Amino acid sequence: MEFLIASAIGVMTAAGIYLVLRLRTFPVILGISLLTYAVNVFLFTSGRVVAGAPPVLRDDVTTYTDPLPQALVLTAIVISFGMTAVVVMIGLGAFLGSDDDHVDDQPDTLENEPEGKV
């Protein structure tokens, strides 16, 4: 079980880094989202992976799951959702302002521009 979760975290992190390094706005936003999902899964697994165990210690329960990582993950989900919305709005504003979605804000080529527009 731990190997499967660690592999999923590694794949999400690698895909997120790959997408963040792209030069378009939408893949960068998806990459940041994948990185936040990877961090959320990592935080969740830091509280021990126990299937079917309650998150609160009771008198008759011998094994339980740590509730603190679960609370941290819920908080991180809300924060990442809000930040994704902010980044999407900033990217949309940049796209509408410049008619392209390049992250580096450089024109493709200056050769294709008509005379006097540069």
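Residues numbered from 1 in each chain as written. Predicted model: local features only at pLDDT ≥ 70, side-chain atom pairs only at ≥ 80, totals over all residues. Heavy atoms only, no water.

1. What about the overall build of the chain?
Operational definition: Secondary structure elements are defined from DSSP: runs of H or I of at least 4 residues count as helices, runs of E of at least 2 residues count as strands, and each element is numbered from the N terminus. What makes two residues a contact is simply this: any of their non-hydrogen atoms within 4.5 Å.
A count of helices and strands for the chain gives three helices and zero strands. Start at the N end of the chain and walk to the C end: the helices and strands fall as α-α-α. In the chain, the proportion of contacts linking residues at least 24 apart, taken out of those at least 6 apart, comes to 46%.

2. Describing helix H2 (residues 25-45)
The condition that has to hold: By this rule, a helix spans an expected 1.5 Å times one less than how many residues it contains. With a 1.4 Å probe rolled over the protein chains alone, any residue whose accessible area is under 20% of its type maximum counts as buried; one over 50% counts as exposed, and the rest are partly exposed.
Here H2 spans 31 Å end to end across 21 residues, near enough to the 30 Å set by a 1.5 Å rise per residue. Listing the buried residues of H2 in full gives Thr 25, Val 28, Ile 29, Gly 31, Ser 33, Ala 38 and Asn 40. On its buried face, H2 sits against helix H1 (2-20) and helix H3 (67-98).

3. Some words on the UniProt feature "transmembrane region" (unreviewed entry) in the chain
Filter applied, for reference: UniProt positions are given in the numbering used here, feature names are shortened, and annotations may be inferred rather than shown by experiment.
As recorded in UniProt, the feature "transmembrane region" (unreviewed entry) lies at residues 6-21, 28-51 and 71-96. For residues 6-21, the helix share is 94%, the strand share is 0%, and the end-to-end C-alpha distance is 23 Å. Between the end C-alpha atoms of residues 28-51 there is a gap of 34 Å, over a span that is 75% helix and 0% strand.

4. Some thoughts on the environment of Gly 91
Its place among the elements puts Gly 91 in helix H3. Gly 91 gets classed as buried once you look at its relative accessible area, which sits at 12%. Along the sequence, Gly 91 and Val 103 sit twelve residues apart, while their C-alpha atoms lie 8.9 Å from each other.

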